[in-house]
Protein chains: 2
Amino acid sequence: MKVSIERSALLKAMGRAQSVVEKRNTIPILSNVLLEAEGDTLSFRATDLDIEVVDRAPAMVLSAGAATVGAHTLHEIVRKLPDGAMVELEYDATAGRMNVRAGRSNFSLATLPREDFPVMASAEYDCNFAAEPAVLRRLFDKAKFAISTEETRYYLNGIYMHAADGPDGRTLRCVATDGHRLARIDAPLPQGADNLPGVIVPRKTVGELRKLLDDDDVQIAVSVSETKVRFATPEVTLTSKVIDGSFPDYSRVIPQNNTKRLEVDAAEFSRAVDRVSTVSSERSRAVKLSLDEDRLILSVNAPDSGAADEELAVAYGDEPLEIGFNAKYLQEIADQVDRENAVFLFNSSGDPTLMREGNDETAVYVVMPMRV
Amino acid sequence: MKVSIERSALLKAMGRAQSVVEKRNTIPILSNVLLEAEGDTLSFRATDLDIEVVDRAPAMVLSAGAATVGAHTLHEIVRKLPDGAMVELEYDATAGRMNVRAGRSNFSLATLPREDFPVMASAEYDCNFAAEPAVLRRLFDKAKFAISTEETRYYLNGIYMHAADGPDGRTLRCVATDGHRLARIDAPLPQGADNLPGVIVPRKTVGELRKLLDDDDVQIAVSVSETKVRFATPEVTLTSKVIDGSFPDYSRVIPQNNTKRLEVDAAEFSRAVDRVSTVSSERSRAVKLSLDEDRLILSVNAPDSGAADEELAVAYGDEPLEIGFNAKYLQEIADQVDRENAVFLFNSSGDPTLMREGNDETAVYVVMPMRV
């Protein structure tokens, strides 16, 4: 193969490829990117065996063909080339080297046989639909903070995407939880997604997907089977295995009868939680909420280092309540609010608390209290 | 004590104090800052027993006094307070607590007895002079990359500041070396610095000093004894022990008879070294320079990952030469050049190489070659 490609197009595609490739690999070929030149396109394929990304960029193909080369090395080289450079990639099959030329720079990179490159088996997808980038962005961005990092609970290490009956009809729903907090985000179910099987999209895939969603002008083609999920734009195809496990029945966790309603400016609340939690010891970051008629006092008491409290003017009309939370969990939930006030719905100091944005029931958060 | 102080002034002073305080301390009092209120000034004293910084800020002192409180906690609190806030600090001697109040936030912080706070013994300084911030900035900034990090060679873990005879007369000179490269930076000797004893200023002190040098309008009062060095502005006094050891006789290392002269654009050279070294394995980052009539070829050969070369147009009129260097060392030296071209003076492939900016002999760098 021999191609000539503009540095910025090469950098963009290689940036996507190298982010899928793990830094350390016991299987050498997994460190490589598979370059395939044909027609007027250079395609880039990278995988970690669970996720595969295929990127396509326009290139002048002088000779079609394919080769694999270290993804991080090629990415680094391209990154360091001057902006606007034309880059020539030529595979020397005899020497088993990929020659990279730009200006007066020449590189000769080790390759591995293209036959060894593991191409993900194509799959039959049960469900295909199109989604707006902004819709997927909201679904995944607002849920991902709640993904569990506990490897033993592998079925919580992702976002559960499925079709559900929401308050306003059928919805495309993303749920994540780590047992301490939960996020449930809804969007109207896109056409063609009726028979969507419920799948758990792994954390790394969520991160890679996010990079496809910055351009609002391209629709995302979503395909889902029992074992795989695929997100595609005209340029990029991201395919990922889904987590092989059952997502727990989250609906039991979402409180239905919490009636004590607190409304508060989310940003002000988050900053106040951050301030008072400064004095808490690193382990237990417990903050206490003391609620009374239109008044919220946040307080922290850490015998070793000190105590802190802050009062906030809020809307609260129910009986006095004291309830404790992990400060980080409270902040992360409040930080999801981007339009209206945060509305908290409490039951008692021992029950899960619900939070949403104003009266919007398409984004619902649950946080477990802790004893303070 | 009870004082009221503007948040931004408090933040600035606490920022300086907490940067001297180590994150982990086996001696609890060293985690604290000593606050002393008197007249219309609040002073902040922090130390790690080797370095002491005293900062002064204007404050409304309602009641004079002193107390110590956790430096990182207080800094974090102040950082999180809203801009423009007035902060009240009140020491409650009965409870042994420092109360911090701003707006509706209240903090009550643990304290330790002020008597336990180690105040650095004042010293007799043999030499006192004033220096421009820009002069000290240049002396220390250009030398510090060469400071050794090897703890066993503790006498190289700093910058050797002393008076010397330079090419243009008496100079204030800063030298650093790690055995692989060396930087020697000169400035005209300030008035009053004639009897300057040679001192090794520790790496951490160099970092703290740097923060005093951003304001070009205040002169720096420098005081030096055999064991201590002090840098002071009207607001801040930084006192530090110097490293108790002998700095090696560096003059032997600086080649005098290197005649093969290469002149090259420093930025272009640095970028090219960066590019070709991409293919080198992480351990040995060797780059080879092949010099011929007005031509420089940089090359790297790493059997595992590949090879790279790049040609640069340079000014070189001597016999052909091949010489190898650690790529990182070459880049760090080239990155010190900020005005003219980099001028390298070589002898042979086994001898130390000298670099300077154009013909300026007040900043001289030496780098040892490596076999390639």
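Quick caveat, the model's predicted, so the values are computed rather than measured. (Residues numbered from 1 in each chain as written. Chains lettered and ligands numbered in written order. Predicted model: local features only at pLDDT ≥ 70, side-chain atom pairs only at ≥ 80, totals over all residues. Heavy atoms only, no water.)

Caption draft 1: Region of the structure containing the sheet that holds strand S25 (residues 353-357) of chain A. Residue and element names in this part refer to chain A. Strand order across the open sheet formed by 9 strands is S14-S11-S12-S13-S26-S25-S24-S18-S22, with antiparallel pairing between neighbours. Both outer strands of the open sheet, strand S14 (199-202) and strand S22 (315-316), are each paired with one neighbouring strand and no more. Against the sheet, helix H3 (residues 133-143) contacts strand S11 (158-166), strand S12 (169-177), strand S13 (181-188), S14, S25 and strand S26 (360-367), and its axis sits at roughly 170 degrees relative to S13. (Pairing = 2+ DSSP bridges. Helix = DSSP H or I, 4+ residues; strand = E, 2+ residues; numbered from the N terminus. Contact = heavy atoms within 4.5 Å. Axes fitted to C-alpha atoms, helices over the stretch in contact; angles between N-to-C directions.)

Caption draft 2: Expanded view of the packing of helix H5 (residues 266-276) of chain A against helix H6 (residues 327-334) of chain A. Residue and element names in this part refer to chain A. Relative orientation of the contacting elements H5 and H6 amounts to 160 degrees, with a least axis distance of 9 Å. Judged by the angle between their axes, H5 and H6 are roughly antiparallel. Seen along the crossing, H5 lies across H6 with a hand that is left-handed. When H5 is examined against H6, the residues Ala266, Phe269, Ser270, Val273 and Asp274 are found in contact with a partner set consisting of Ala327, Leu330, Gln331 and Ala334. When its residues are assigned to classes, the contact of H5 with H6 shows 6 nonpolar, 2 polar and 1 charged. (Parallel < 35°, antiparallel > 145°, perpendicular 65-115°, else oblique. Left-handed = near helix turned anticlockwise from the far one by under 90°. Nonpolar A, V, L, I, M, F, W, Y, C, P; charged D, E, K, R; others polar.)

Caption draft 3: Layout of the packing of aromatic side chains. Within the structure shown, the criterion is met by 12 aromatic pairs over all chains. Measuring from centroid to centroid gives 5.9 Å for Phe145(A) and Tyr365(A), while their planes differ by 40 degrees, and the two rings are tilted. Here Tyr365(A) lies in strand S26 and Phe145(A) lies in the loop between H3 and S11, a separation of 220 residues in the sequence. You can call Phe145(A) buried: its relative accessible area is 14%. For the pair Phe269(B) and Phe344(B), a centre-to-centre distance of 5.2 Å together with 50 degrees between the ring planes defines the contact as tilted. Of the two residues, Phe269(B) is situated in helix H5 (residues 266-276) and Phe344(B) in strand S24 (residues 342-346); the sequence distance between them amounts to 75 residues. The pair Phe269(B) / Phe344(B) is uniform in exposure class, with both members buried. Ring pairing ties together the aromatic residues Phe269(A), Phe344(A) and Phe346(A), which thus form one cluster. (Phe/Tyr/Trp six-rings, centres within 6.5 Å; stacked < 30°, edge-to-face > 60°. Buried < 20%, exposed > 50% of the residue type's maximum accessible area, 1.4 Å probe, protein only.)

Caption draft 4: A look at the interface of chain B and chain A. Across the contact, 31 residues belong to chain B and 31 residues belong to chain A. For the pairing of chain B and chain A, the buried interface totals around 2,500 Å² over both sides, and the portion due to carbon and sulfur atoms is 47%. Of all residues in chain B, Lys80(B), Arg104(B) and Arg275(B) bury the most surface against chain A, accounting for 26% of the area lost on that side. Taken together, the links from chain B to chain A amount to 2 salt bridges. Here chain B is connected to chain A by 18 residue pairs in polar contact (both at pLDDT 80 or more). Where the side of chain B that touches chain A is concerned, the elements lending two or more residues are helix H2 (71-80), strand S9 (105-112), H5 and strand S21 (306-313) of chain B. The greatest single-element share of the side of chain B that touches chain A, amounting to 8 residues, is contributed by S21(B). Considering only residue class, the side of chain B that touches chain A consists of 13 nonpolar, 7 polar and 11 charged. As paired strands, strand S9 (residues 105-112) of chain A and S21(B) are joined by 5 bridges and run antiparallel to one another. Within S21(B), the position partnered with Ser108(A) by the bridge is Ala307(B). (Buried area = accessible area lost by both parts, 1.4 Å probe. Salt bridge = Lys/Arg side-chain N within 4 Å of Asp/Glu carboxyl O. Polar contact = N/O pair within 3.5 Å; in protein donor to acceptor, adjacent residues only side chain to side chain.)

Caption draft 5: The arrangement of the pattern of salt bridges in detail. Inspection of every chain in the model, using the stated rule, returns 68 salt bridges over all chains. Here Glu357(A) and Lys142(A) are joined by a salt bridge, their closest N and O atoms 3.2 Å apart. Residue Glu357(A) is found in strand S25, and its partner Lys142(A) is found in helix H3; the two are separated by 215 residues along the sequence. The partner of Glu332(B) in a salt bridge is Arg181(B), and the shortest N-O contact between them spans 2.5 Å. Taken together, the positions of Glu332(B) in helix H6 (residues 327-334) and Arg181(B) in strand S13 (residues 181-188) put the pair 151 residues apart, joining distant regions of the chain. Classification of Arg181(B) as buried rests on a relative accessible area of 5%.

Caption draft 6: Just the domain arrangement of chain A, in detail. Residue and element names in this part refer to chain A. When cut into domains, chain A gives domain 1 (2-116), domain 2 (127-252) and domain 3 (260-367). Between domain 1 and domain 2, the C-alpha centre-to-centre distance is 30 Å. At the interface, 14 residues of domain 1 touch 14 residues of domain 2. At the boundary of domain 1 with domain 2, total buried surface from both sides reaches about 1,200 Å², with 39% on carbon and sulfur atoms. (Domains from an automatic or database assignment.)

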